[in-house]
Amino acid sequence: MRVPLSWLREYVPVGASPQEIAERLTVSTCEVERVVRIGVADDGGNLGLFRVGRVLEAGKHPNADRLQLCRVDVGGAEPSQIVCGAWNFGAGATVAVALPGATLPNGLTLERRELRGQVSEGMILAEDEVALGPDHDGIMVLDGALEPGTPLADVLPLVDDVLEVETTPNRPDLLSVYGLAREVAALFDAELAPWPGVEPERAGDEPVDVRVEDEKGCPRYVGRLFRDVAIGPSPVWMKARIAAAGMRPISNVVDVTNYVMLGLGNPLHAFDYETLAGGRVVVRRAAPGEEIRTLDGQQRKLDPRDLLIADADRSIAIAGIMGGEETEVAERTTTVLLEAANFEPVSILHSSERLGLRTEGSNRWEKGVDPHLAGHAARLASQLLVETAGARWTGETDAQATLPERERIELRPARTSALLGLDVPVETQHSILARLGFELDGDAVTVPTWRARDVTREVDLVEEVARFVLDDVPFTLPPRRELHGRLTAEQQLRRRIEDVLLGCGLSEAYTPTLVASDPRPDALRLPLPLSAEMSVLRTSLLPSLIEAATRNREVGNESVALFEIAHVYLPSGAQLPDEPWHVGAVLEGGYADAKGVVDTLLEALRVEPAFERGEHPLLHPGKTARLPQGWVGEVHPAVGQGWAAFELDLAGLGGAADGRVLYEAVSPFPEVRQDLAFVVDESVSAGELAAAMREAAGPELRSATVFDEYRGGQIGEGKRSLAFRVAFGSHERTLTDEDAAALRARIVEALAGRYGAVLRA
């Protein structure tokens, strides 16, 4: 979530710096990943070169049909002549101007220059030129009451600091600017502004027909009717805040719903009232076979478990997730029905998961939005619709079931100090809770509605106190009870594998345990996942590693080679899955590159290699080998180009590893080395031939290594030639050529009899 500090300070006027606010929030409340400065550079007097201007004259450029030649009062002794390419303004307009010497956010420094024979002394600005929004269709037209020469930074947020915040799922109250401001006010003991928004004057008392058939799924639905709505662009200040918060401005009505959601945390929706059949809103579950075309243009099949907003004839929105295309607010819209509702979180989560549709609204609903927040959101949205769209508020209904009672918890201050191991005075505990919005009657604490899902026990209150006194906790080391410790065999194996792979040039990666999908159809799916992208427990490390490696390549990293040692989760038929340790790796290159790493690892662990042809859904069908502990091969081209990979089971490696270190004296006698090439069927593996050669020749065959493979017309269809480099030797004497010839003959005879192998050379 992106939080503009100028917006935050509107709700809590704290004087702390952005870095101080970020540090305090990170320690006590949520993680602030970074503070980003956006907009115009404010150093060296640059901001002073951006001013409010009034256009005194505007006419066609004498030498260019598409340009205007303007004289603009910018507060100086004489008006400035400016050439402009926009035509959405004329004489008398109040505009934003950048003077010569000003540096724009894109790094361009303006100069006094000649354009088609006329001098231009600055620039009349569009939104995107000062990073206030994406619009470049025309220049910004400001409030005519502003005086020429007024610093533009006093009128518009030309420069702002934005907090990039990562909240935890149990704190949906922080998914808004006001919610975060409430935390900042408590942290700095500052005054929090009242709930924003003032009810506009009612211009009628029209009935609004709202029927809630599923009160469990929708405990509250506020519907407000607005007439004479003028659809158009939002004011620049609103578009700037929405853009800084990470959303795209669309139109004044849609922007109001997004602004209130970002500001207060309660998602809203606006319907074109004239498109509602019967002028009625019904909150119900979907009928079997029902479909809806959503705002993204997709026709979606609904499930009877999906909660819908409907009119008298058909569904018009998937509750809390996305509206329907047929009732969206468009340029023709003049009457708007504003929805400020509350939806049960689990239902929204299930529908969002099943439909694969996540929105800013569903992200908030599935975590649990305060049902008492709908009234505040409706009030602020109503004020903004009247102010920005000229709307008249003519009707309202507030359909609600019995809203949950506020939790009342007994706090024992002595228990707080005992759990924290720190003496926290009673007055301090009460002060902290009061600043956070808790109401106290002695030691009885009433939980605010926005914390109802998170604070339900005394220990939760203790936690609230604890996070505010962390700076007072002394740094102490735990008592040492054990004098000696050692790694388990499993830990030693993991560390040894890490050392070997790091020595091979690979880098260790940590990838998510939860993934969107898995090659195994029986992979375990979470019943209540946090998101569609984190819904399945992985059964293999390779998909996550391939994704991470691909991302590294896309950002320009070269020679990418990643490995990971982690659990995978295999269906067991019991309540809990099997959780074996695997080691997986992805590196640039081909089969030989991955196999070379595996060979090195097996040699270091003293595991006898046993490769044979294999298949794996993520690996190339013709370039994959199987071994008792797992797989190695090239990644399938459909999954990723130019990668090789392997994945091995640690329990299998540990079981096959020979823990004994056996020494064999080096023979003082020289070896006899020869090359042998055999023609065999494609189905015969090199490992099988090597094993048969060792069996036939006995201990005097010191080594047998494949160094070449050949296929071609000279050896026939379905055949291949495998060339081995062999070494014969003895610890007792030097072998003669006759000895080597006899060993060679035994090998040839054994391979011919067992595999039909024919000696080529």
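The sections below set out a description of the structure shown in this document. (Residues numbered from 1 in each chain as written. Predicted model: local features only at pLDDT ≥ 70, side-chain atom pairs only at ≥ 80, totals over all residues. Heavy atoms only, no water.)

Let's talk about the overall build of the chain
Line of reasoning, step 1. For the chain, the helix and strand inventory stands at 17 helices and 38 strands.
Line of reasoning, step 2. Here the C-alpha atoms of the chain give a radius of gyration of 36 Å, more than 25% beyond the 27 Å that 2.2 N^0.38 yields for 761 residues.
Line of reasoning, step 3. With the C-alpha coordinates of the chain rotated into their principal frame, the extents come out at 110 × 80 × 60 Å.
Line of reasoning, step 4. Counting only contacts in the chain whose residues sit at least 6 apart along the sequence, the fraction spanning at least 24 positions is 68%.
Line of reasoning, step 5. Only carbon and sulfur atoms are counted for the fraction: they give 49% of the accessible area of the chain, which is about 36800 Å².
Line of reasoning, step 6. Here the chain contributes 77 positively and 118 negatively charged side chains, and the mean placements of these two sets differ by 3 Å. (Helix = DSSP H or I, 4+ residues; strand = E, 2+ residues; numbered from the N terminus. Rg over C-alpha atoms; globule rule 2.2 N^0.38 Å. Contact = heavy atoms within 4.5 Å. Areas by Shrake-Rupley, 256 points an atom, 1.4 Å probe, with all protein chains shown as cover. Lys, Arg positive; Asp, Glu negative; His and termini not counted. Charge placed at Lys NZ, Arg CZ, Asp CG, Glu CD.)

Focus: the side chain of Glu 366
Line of reasoning, step 1. Position of Glu 366 relative to the elements: it lies in the loop between α7 (360-365) and α8 (373-389).
Line of reasoning, step 2. In this structure Glu 366 touches Pro 345, Leu 349, Ser 352, Arg 358 and Leu 530, once residues within four positions along its chain are discounted.

Focus on the pattern of salt bridges
Line of reasoning, step 1. Enumeration over the complete set of coordinates arrives at 58 salt bridges.
Line of reasoning, step 2. Arg 37 is the partner of Asp 42 in a salt bridge, and the nearest nitrogen-oxygen pair spans 2.9 Å.
Line of reasoning, step 3. Overall, Asp 42 belongs to the partly exposed group, its relative accessible area being 38%.
Line of reasoning, step 4. The closest approach of N and O atoms between Arg 754 and Glu 695, which form a salt bridge, is 3.4 Å. (Salt bridge = Lys/Arg side-chain N within 4 Å of Asp/Glu carboxyl O. Buried < 20%, exposed > 50% of the residue type's maximum accessible area, 1.4 Å probe, protein only.)

With respect to the environment of Leu 542
Line of reasoning, step 1. Of note, Leu 542 is situated in helix α13 (residues 542-554).
Line of reasoning, step 2. Leu 542 sits in the buried class, given a relative accessible area of 1%.
Line of reasoning, step 3. Expressed as a C-alpha distance, the spacing of Leu 542 and Ala 657, which sit 115 residues apart in the sequence, is 24 Å.
Line of reasoning, step 4. In contact with Leu 542, other than residues within four places in its own chain, are Ala 585, His 616, Leu 618, Leu 619, Ala 645, Phe 646 and Glu 647.

Observations concerning the packing of aromatic side chains
Line of reasoning, step 1. Inspection of every chain in the model, using the stated rule, returns five aromatic pairs.
Line of reasoning, step 2. Ring plane angle 70° and centroid distance 5.3 Å describe the contact between Tyr 11 and Tyr 178, whose orientation is recorded as edge-to-face. Taken as a pair, Tyr 11 in helix α1 (residues 5-11) and Tyr 178 in helix α3 (residues 177-187) lie far apart in primary sequence, 167 residues in all. Summarising the burial analysis for this pair, Tyr 11 and Tyr 178 share the class buried.
Line of reasoning, step 3. Where Phe 343 meets Trp 365, the ring centres are 5.1 Å apart and the plane angle is 75°; that geometry is what we call edge-to-face. Highlighted residues: Phe 343 in the loop between β21 (336-342) and α6 (345-355) and Trp 365 in helix α7, separated in sequence by 22 residues. Here Phe 343 matches Trp 365 in class, with each residue buried.
Line of reasoning, step 4. Each member of the aromatic cluster is reached from another via a ring pair, and the members are Trp 7, Trp 237 and Tyr 259. (Phe/Tyr/Trp six-rings, centres within 6.5 Å; stacked < 30°, edge-to-face > 60°.)

Concerning the side chain of Ser 721
Line of reasoning, step 1. Mapped onto the secondary structure, Ser 721 falls in strand β37 (residues 719-728).
Line of reasoning, step 2. Residue classification places Ser 721 among the buried residues on the basis of a relative accessible area of 4%.
Line of reasoning, step 3. Of note is the side chain of Ser 721, whose polar atom sits 3.1 Å from the side chain of Arg 760.
Line of reasoning, step 4. When neighbours within four sequence positions are excluded, Ser 721 is seen to be in contact with Ala 677, Phe 678, Val 679, Asp 708, Glu 709, Tyr 710, Ile 715 and Arg 760. (Polar contact = N/O pair within 3.5 Å; in protein donor to acceptor, adjacent residues only side chain to side chain.)

Here's the deal with the sheet that holds strand β10 (residues 159-166)
Line of reasoning, step 1. Read across the open sheet, the three strands follow the order β1-β10-β2; overall the sheet is antiparallel. A strand with exactly one partner marks an edge of an open sheet, and here the two such strands are β1 (2-4) and β2 (31-39). Direction aside, neighbouring strands of the sheet carry axes that sit 25° apart on average.
Line of reasoning, step 2. Bridge count between β1 and β10: three bridges; the pairing is antiparallel. The partner of Arg 2 across the bridge, within β10, is Glu 164.
Line of reasoning, step 3. Along the sheet, helix α2 (residues 18-28) contacts β2 and β10; its crossing angle with β2, the most-contacted strand, is approximately 160°. (Pairing = 2+ DSSP bridges. Axes fitted to C-alpha atoms, helices over the stretch in contact; angles between N-to-C directions.)

Some points on the layout of surface pockets
Line of reasoning, step 1. Size it by volume and the largest pocket reaches roughly 1400 Å³.
Line of reasoning, step 2. Lining the largest pocket are 39 residues, and of these Tyr 591, Lys 595, Phe 611, Ala 686 and Gly 687 lie nearest its centre.
Line of reasoning, step 3. For the lining of the largest pocket, the per-class residue count stands at 16 nonpolar, seven polar and 16 charged.
Line of reasoning, step 4. What the second largest pocket holds in volume is close to 800 Å³.
Line of reasoning, step 5. The wall of the second largest pocket is formed by 31 residues, among which Val 254, Asn 258, Leu 268, His 269 and Leu 295 lie closest to the centre.
Line of reasoning, step 6. Of all the secondary-structure elements, those providing two or more residues to the lining of the second largest pocket are α5 (252-264), β14 (269-272), β19 (315-318), β20 (322-323) and α7. (1 Å grid on protein atoms, 1.4 Å probe; cavity = no way out; pocket = protein on both sides within 12 Å on 5 of 7 lines; lining within 4 Å. Points joined across faces, edges and corners; volume = space filled by probe spheres on them. Nonpolar A, V, L, I, M, F, W, Y, C, P; charged D, E, K, R; others polar.)

Digging into the nonpolar core
Line of reasoning, step 1. In terms of nonpolar packing, the biggest core is built from 101 residues, with Leu 8, Leu 163, Tyr 221, Val 260, Ile 309 and Phe 343 touching the most fellow members.
Line of reasoning, step 2. If you tally residues by element for this core, the top one is α8, at nine residues.
Line of reasoning, step 3. Those residues in contact with Leu 163 that sit more than four places away from it in its chain are Met 1, Arg 2, Val 3, Leu 5, Pro 18, Ile 21, Ala 22, Leu 25, Val 32, Arg 34 and Val 35.
Line of reasoning, step 4. Val 500, Leu 506, Phe 563 and Phe 646 belong to the second-largest nonpolar core, a separate cluster that totals 27 residues. (Core = buried A, V, L, I, M, F, W, Y, C linked by side-chain atoms within 4.5 Å.)

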